[in-house]
Amino acid sequence: MDKPKNLHDLPPDFVFDPARASKLTGRHGHGGWLGLSYHAHGPDWAELSLPWREELVGVAETGVLASGPIISLMDNATSMAVWTLCGRFVPHATLDLRVDYMRAAVPGRTVIGRGECYKLTRTISFIRGIAYDGEQDDPIAHVTGTFMATHGTYL
């Protein structure tokens, strides 16, 4: 198979692989500019990393990452989890993404976003996750939300 130019170019029998997909999404668009990259995955979860960069800092005097890049990280990580669970790329829209911040990210550290898809229906996926920059049991933020398939179905 020739290298696909985007996720829409994949053949129908292609099984979604978050490591491979992040090579595409990490080169272009918002995720590419942020520097999001693959970290790890399992059958219903995916992790992406967001490296600390000065351009992503919210308040220069603190060195703390702004909330926007962390929200984008979690939207992407939870999307990857959905596609990992259903086994293919399904275009979808974020219906709801609630982010509860527990603490500020530590300046200079890479943030890992771990997203999990815990339920799929025909057109709605239910997700949760955490963002952390050290130990998972000391998260920066918790997220929960839903996506809606916009072209096709998850099941």
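Located above this text is the structure these notes cover.
The model shown is predicted, which means the values in this text are computed figures rather than measured ones.

1. Focus on the overall build of the chain
Then step 1. Within the chain, the secondary structure is distributed over three helices and eight strands.
Then step 2. Counting from the amino terminus, helix and strand elements in the chain follow one another as α-α-β-β-β-β-α-β-β-β-β.
Then step 3. For a compact globule of 155 residues, the expected C-alpha radius of gyration is about 15 Å, and the chain comes in at 15 Å, within 12% of that figure.
Then step 4. Seen along its three principal axes, the alpha-carbon backbone of the chain occupies a region of about 50 × 30 × 25 Å.
Then step 5. Looking at the chain as a whole, 42% of its 155 residues are labelled buried.

2. Digging into the pairing of strand 1 (residues 37-41)
Then step 1. Note: strand 1 against strand 2 (residues 45-50), four bridges, orientation antiparallel. For His-41, the partnering residue across the bridge sits in strand 2 and is Ala-46.
Then step 2. Counting the residues between successive antiparallel strands, the hairpin from strand 1 to strand 2 contains three residues.

3. What about the sheet that holds strand 2?
Then step 1. The six strands lie next to each other as 1-2-6-7-8-5, forming an open sheet whose pairing is antiparallel. On the outer flanks of this sheet lie strand 1 and strand 5 (92-101), each paired with one strand and no other. The mean angle between the axes of side-by-side strands here comes to 25°, regardless of whether they run parallel or antiparallel.
Then step 2. Against the sheet, helix 3 (residues 67-86) engages strand 1, strand 2, strand 5, strand 6 (111-120), strand 7 (124-132) and strand 8 (141-149), with an angle of about 40° to strand 6.

4. With respect to the nonpolar core
Then step 1. Core analysis: the biggest nonpolar cluster contains 32 residues, and Leu-50, Val-82, Val-111 and Tyr-154 have the highest contact counts within it.
Then step 2. Residue contributions to this core peak at nine residues, all from helix 3.
Then step 3. With residues near it in sequence (within four places) discarded, Val-82 still touches His-92, Cys-117, Leu-120, Ser-125, Ile-127, Phe-147 and Tyr-154.

5. Points about the pattern of salt bridges
Then step 1. Inspection of every chain in the model, using the stated rule, returns seven salt bridges.
Then step 2. Asp-133 is paired through a salt bridge with Arg-103; the nearest N and O atoms lie 2.5 Å apart. Of this pair, Asp-133 sits in the loop between strand 7 and strand 8 while Arg-103 sits in the loop between strand 5 and strand 6, and the two are 30 residues apart along the sequence.
Then step 3. According to the relative accessible area criterion, Arg-103 is partly exposed, its value standing at 22%.
Then step 4. We note a salt bridge from Arg-103 to Asp-138, for which the minimum N-O separation is 3.2 Å. Highlighted residues: Arg-103 in the loop between strand 5 and strand 6 and Asp-138 in the loop between strand 7 and strand 8, separated in sequence by 35 residues.
Then step 5. The network of salt bridges with shared partners includes Arg-103, Arg-109, Asp-133 and Asp-138.

6. Focus: the packing of aromatic side chains
Then step 1. This model, assessed by the stated rule, comprises three aromatic pairs.
Then step 2. With 6.4 Å between their ring centres and 45° between their planes, Tyr-118 and Phe-126 make a pair best called tilted.
Then step 3. Under the relative-accessibility criterion, Tyr-118 is labelled partly exposed at 40%.
Then step 4. In this structure an aromatic cluster arises from ring pairing among Phe-16, Trp-83 and Phe-89.
Then step 5. A cation sits over an aromatic face here: Arg-53 above Trp-33, 4.9 Å from the ring centre.
Then step 6. Sitting over the face of the ring of Tyr-118, Arg-128 holds its NZ or CZ atom 4.1 Å from the ring centroid.

Thresholds applied
Residues numbered from 1 in each chain as written. Predicted model: local features only at pLDDT ≥ 70, side-chain atom pairs only at ≥ 80, totals over all residues. Heavy atoms only, no water. Helix = DSSP H or I, 4+ residues; strand = E, 2+ residues; numbered from the N terminus. Rg over C-alpha atoms; globule rule 2.2 N^0.38 Å. Buried < 20%, exposed > 50% of the residue type's maximum accessible area, 1.4 Å probe, protein only. Pairing = 2+ DSSP bridges. Axes fitted to C-alpha atoms, helices over the stretch in contact; angles between N-to-C directions. Contact = heavy atoms within 4.5 Å. Core = buried A, V, L, I, M, F, W, Y, C linked by side-chain atoms within 4.5 Å. Salt bridge = Lys/Arg side-chain N within 4 Å of Asp/Glu carboxyl O. Phe/Tyr/Trp six-rings, centres within 6.5 Å; stacked < 30°, edge-to-face > 60°. Lys NZ or Arg CZ within 6 Å of the ring centre and 35° of its normal.

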